[in-house]
Amino acid sequence: MSKPVLINDWHPVAASAALAPGTVLAEKLMDHELAIWRSADGTVSIWEDRCPHRGSRFSIGRIENDGVTCAYHGWRFAADGQCVHLPAQPDFKPSANMKARVYHAKERYGLVWACIGDPASGQTPDLLPFPEYDDANLRKVLCGPYDVGCSGPRIVENFLDMAHFGFVHTGILGDADHTAMRDYKVSEFDDGAGGKGVLATQCFAWQPQTNSLSHGGSDVEYTYRVVRPLTAILTKLPEKQADFREAISLHIQPVTEESSRAWIILAMTNFVQSDDELRDFQDRIFLQDKPILENQVPRRLPLTRDAEIHMGWDRMSVAYRRYLAERGMDYGVIHQSMTA
Ligand code: FES
Ligand SMILES: [Fe+2]
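Scoring rules and cut-offs
- Residues numbered from 1 in each chain as written.
- Chains lettered and ligands numbered in written order.
- Predicted model: local features only at pLDDT ≥ 70, side-chain atom pairs only at ≥ 80, totals over all residues.
- Domains from an automatic or database assignment.
- Helix = DSSP H or I, 4+ residues; strand = E, 2+ residues; numbered from the N terminus.
- Nonpolar A, V, L, I, M, F, W, Y, C, P; charged D, E, K, R; others polar.
- Pairing = 2+ DSSP bridges.
- Axes fitted to C-alpha atoms, helices over the stretch in contact; angles between N-to-C directions.

Chemist: Run through the domain arrangement of the chain, naming residues and quoting values.
Modeler: Many analyses report the size of an interface as the accessible area lost when the parts associate. Assigned domains within the chain: domain 1 (4-121) and domain 2 (139-334). Spacing between the C-alpha centres of domain 1 and domain 2 amounts to 33 Å. Counting residues per element, the ones that place at least two in the side of domain 1 that touches domain 2 are helix H1 (4-7), strand S1 (11-15) and strand S2 (24-29). Looking at the side of domain 1 that touches domain 2, the element that brings in the most residues is S1, giving 4 residues. Across the side of domain 1 that touches domain 2, the residue classes break down as 9 nonpolar, 2 polar and 3 charged.

Chemist: A description of the pairing of strand S13 (residues 196-207) should follow, citing residues and the corresponding values.
Modeler: Two elements, strand S12 (residues 185-190) and S13, share 6 bridges in a ladder whose sense is antiparallel. When the sheet's bridge partners are listed, valine 186 is paired in S13 with alanine 200.

Chemist: Residues and numbers for the sheet that holds strand S3 (residues 32-38), please.
Modeler: The sheet built from 6 strands is open, its strands ordered S1-S10-S9-S4-S3-S2 with antiparallel pairing. The open sheet terminates on both sides in strands that have one partner only, identified here as S1 and S2. The mean inter-strand angle of the sheet, taken between neighbouring strand axes irrespective of direction, is 30°. Pairing of S3 with strand S4 (residues 44-48) involves 5 bridges; the strand directions are antiparallel. Residue pairing in the sheet places leucine 34 in a bridge with glutamate 48 of S4.

Structural data, given as C-alpha cells:
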C-alpha cells in the first residue's frame, strides 16, 4: 500500500486529444484500472474501471446521456457515478450504494490528470505549476507516451543524468570526445505553489545537436528542477542559438511499481518545424534511453545510500534519492539494503 505521497498526487493518464466527446479509454495508474471518459459537453471523468454489479469494465461500455451504460446488463450510471437505471427492472430505484467509484480528474497542459486519493490532503492540491507552459512566447508540443518497463523514479533519475549523453545519445546530446563532467550546483527548490524539491544549476555540456534546429555543436547550459516525486523540468540554453529557449517537462504515469508511461511536454521557441518533426526528435532521444532503463537492475530505484556507487557528479541523483526518502516514497523504490 502506497503512502499519500503518490496516492494524493496528480498523475497524467491520457492525452486530452485522444479522448473525443462520447468516448471512453482504459488506463492504469498505480495498479488501479481506470475508465476515463468524456461527456458530450467535454467534461472528463475518471472512474474505477469496474461496474459494481458483476465487475464488467466500464471501458467496454457506452457513453450515453452524459453517463456510462455498462456493456453487460445495461445499467446506466450518471456523471456522478450513481446508477440511475436497470433495464432488467425498470421500476426499481437504484440505492445509493449502487455507484461507480469516482476519482478526481482534471485537464491541463494537453493531458488528463487523475488523483486516486484525496488531493486536498496531498502536498499539491491543485496541479503543479509549469510556468514555461503559460509563457505565450513558447510553443508547446506534447510527446509520448513512452511505455517503459521500469519504475517511475528510474526514469526521472535518468532525465536528471548528464553523464550518459556521450554514450547513449552519441552524435546528438553528446559524443566520445566530450565525456568529462563539469561541476554544477545543487540546491533546494520551492516554487511557492506546491512544487518543492531539488534544483541543479550551471550544468554545462557540449552537444553535437542539442535540438532539432541546431547544427555544428554548442555548449549548452541546463537547469533541472524536481518539483514532485515523478515530475522534473529542465531548461536548455544553447550558446550558439542566441534566441533559442526550451523547457522540457517529464511526467511519469506510474502504471505499476515496475512499469511506467512517460509523458514529455516541450515549451520552446521553435516555431518553424512541425509538431511531427519535434516529436520525432524527442522520440529518437527517448528510444535511446528506453533500453538502458529497461536493463537497470533492479527496476525499482534503491534509496539506501550503499546500494549503488555515487560519484561527485551524481550529486543531483543523490539529492533526488534523498528527496524521495524524506517524503516517504514507497512506490517504485527499494528501501532495504540490497546486500543484506
Ligand atoms: S456488470 Fe455492469 S450491469 Fe451488470
Ligand atoms: Fe537520456
